[in-house]
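Examination of the molecular architecture
Below, each chain spelled out in residue letters.
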Amino acid sequence: MSSRAATARPVGTVTRGTTNPNRLRRMDRWIAAVHDGELRRAGEAVAVDLGYGAAPWTAVELLTRLRTVAPRVRVVGVEIEPARVAAALPYEREGLVFRHGGFEVPVPGRPALIRAANVLRQYDEDQVAGVWERLCARLAPAEGGFGGGLLVEGTCDEIGRRHVWVALGPEGPRTVTFATRLGSLQRPSDLAERLPKALIHRNVPGEPVHAFLRDFDRAWAAAAPYASYGARQRWIRAVRDLTADWPVVDGANRWRQGEVTVAWEALAPRG
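What comes next is a walk through the structure. Note that the structure is a prediction, hence the values are computed from the model and not measured.

1. With respect to the packing of helix α1 (residues 25-34) against helix α3 (residues 57-66)
The geometry of α1 relative to α3 is characterised by a closest axis approach of 10 Å and an angle of 30° between their N-to-C directions. Between α1 and α3, the interaxial angle falls into the category roughly parallel. You can see that α1 and α3 cross each other, and the crossing is right-handed. In this structure, α1 contributes R25, D28, I31 and A32 to the contact, and α3 contributes E61, L62, R65 and L66. The residue makeup of the contact of α1 with α3, split by class, is four nonpolar, no polar and four charged.

In structure tokens form, the structure reads like this:
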């Protein structure tokens, strides 16, 4: 692939560009675990790090982590700020290039993955659906029993301790994942400040995501006796209790990582 800037004007606005090494490790590891089959099936699959920021660390790390499960995957870092693309070019290598662009995703074909972390934070809530629709339309289609490409869009703190993301396929949103470094957690609702733009303003009484975090806090409190075995065991117990009332779609192997994934329909904003 060429790394020359696209001639068409990119779609979107420039972000703050804040980035840090290892900031997106929780998201990367989740993608490698749940999307590995699709990435391998696609052969030389293309994964896009959309809006990687002022430094290219997250794109470099994405390539490294995805190649542990899909050795032929290629990563394209896409940034709307030309100076950031120019600064990233020295980091290009086999399987990794950088391009100037935005939500039009200027790569050939249909990507198997688009990761957009901390990109929509500055947008208005009513803009999210349109961005999702545009990005989902660029994903590899579902076919032959496979679900197609994956869009992962979410928000994390500056050093990646707390992260919440939505996973979407070509058909639209599928799941919401909450991920945290358990040693830093006082209660699950601490993750509310990292809800993605589609949900962060919905953490109010009467909205599903508020009810979920309320129930999670209650389950966490009820699981306090398990704290003597460590925060991981307490988290696992709390999530297990949540499954009685909420459609948790993953299992203990992910819960041990400080994660829980819930069906989007259960948390989607009312109206």
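Now that the structure is up, let's keep going.
2. Considerations on the sheet that holds strand β7 (residues 172-180)
Pairing in this open sheet of eight strands is mixed, and the strands run β3-β2-β1-β4-β5-β6-β7-β8 from one edge to the other. Either end of the sheet is taken by a strand with one partner, and the two such strands are β3 (96-100) and β8 (259-263). Here the strands of the sheet are splayed against their neighbours by 20° on average, with no regard to which way each runs. As paired elements, β7 and β8 share five bridges and run antiparallel to each other.

3. Notes on helix α8 (residues 231-242)
For an α-helix the count is 3.6 residues per turn, leaving residues at separations of three or four pointing the same way. Here α8 contains twelve residues, and its C-alpha end-to-end distance of 16 Å stays within 8% of the 16 Å for a straight helix at 1.5 Å per residue. All of the buried residues in α8 are R234, W235, I236, A238, V239 and L242. Residues of α8 that are buried in the fold lie against β7, α7 (208-222), α9 (252-255) and β8.

Rules used throughout
- Residues numbered from 1 in each chain as written.
- Predicted model: local features only at pLDDT ≥ 70, side-chain atom pairs only at ≥ 80, totals over all residues.
- Heavy atoms only, no water.
- Axes fitted to C-alpha atoms, helices over the stretch in contact; angles between N-to-C directions.
- Helix = DSSP H or I, 4+ residues; strand = E, 2+ residues; numbered from the N terminus.
- Parallel < 35°, antiparallel > 145°, perpendicular 65-115°, else oblique.
- Left-handed = near helix turned anticlockwise from the far one by under 90°.
- Contact = heavy atoms within 4.5 Å.
- Nonpolar A, V, L, I, M, F, W, Y, C, P; charged D, E, K, R; others polar.
- Pairing = 2+ DSSP bridges.
- Expected span 1.5 Å × (residues − 1).
- Buried < 20%, exposed > 50% of the residue type's maximum accessible area, 1.4 Å probe, protein only.

Take it as geometry only, folks, not as evidence of what the structure does.
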